[in-house]
Amino acid sequence: MLGKGSKLYSICKLKCPRCHEGDLFVNNSLLGYRKMSQMLDHCPVCKQIYEPEPGYYYGAMFVSYGLTTGPTLAIVWLMMLFSEEVTVLMFIGALVLSLLLFLPAIFKLSRAIWINIFVSYDPEAAKNPQARGH
Ligand SMILES: [Zn+2]
């Protein structure tokens, strides 16, 4: 399931959605804060353009809302185990904590999911690189 050719592979490994070989980010680690938001302009292997138009990743914001929900609910659940009542303030604390802990992963995964919605895997892409937007 996580082999080359599946969208999950491209998303989890932060690889180019077209050839599944080139990295998407300058720092391609899910946990690293260093150069977190720096994405490559195009795939170094197949020349797929990563930002075909300005504002391409605005939609990824909505994906990141969804991805933030999981860790936040997990932290709230942990709070419920150790406290009789979870207040609004505690909930906001959980949200801030999960954002601080998982920001690089949420940022990168939401962009990887977003570009994978529009770009499909092409097993021949690495052999004949062409600059393409979609
Ligand atoms: Zn590529």
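Because the structure is a prediction, the values reported are computed rather than measured. (Residues numbered from 1 in each chain as written. Predicted model: local features only at pLDDT ≥ 70, side-chain atom pairs only at ≥ 80, totals over all residues. Heavy atoms only, no water.)

A. The arrangement of the coordination of the zinc ion in detail. The protein atoms donating to the zinc ion are C16 (SG), C19 (SG), C43 (SG) and C46 (SG), with metal-donor distances spanning 2.2 to 2.4 Å. Taken together, the four donor atoms coordinating the zinc ion span angles of 104 to 114° at the metal, a pattern that classifies the geometry as tetrahedral. All donors of the zinc ion come from a single chain, and their spacing in sequence reads C-x2-C-x23-C-x2-C. Of this pair, C16 sits in the loop between α1 (7-12) and α2 (60-82) while C46 sits in the loop between α1 and α2, placing them 30 residues apart in sequence. Comparing C16 with C46, the two get one shared label, buried. (Donors = N, O, S within 2.8 Å, 3.2 Å for Na, K, Ca; no water. Tetrahedral: all angles 85-135°; square planar, octahedral: opposite > 155°, others 65-115°. Helix = DSSP H or I, 4+ residues; strand = E, 2+ residues; numbered from the N terminus. Buried < 20%, exposed > 50% of the residue type's maximum accessible area, 1.4 Å probe, protein only.)

B. Expanded view of the pattern of salt bridges. The final tally for this structure, using the stated rule, is three salt bridges. As a salt-bridge pair, K15 and D23 come within 2.5 Å of each other at their nearest N and O atoms. When its relative accessible area of 18% is taken as the criterion, K15 is described as buried. Judged by relative accessible area, D23 falls into the partly exposed class, the value being 27%. (Salt bridge = Lys/Arg side-chain N within 4 Å of Asp/Glu carboxyl O.)

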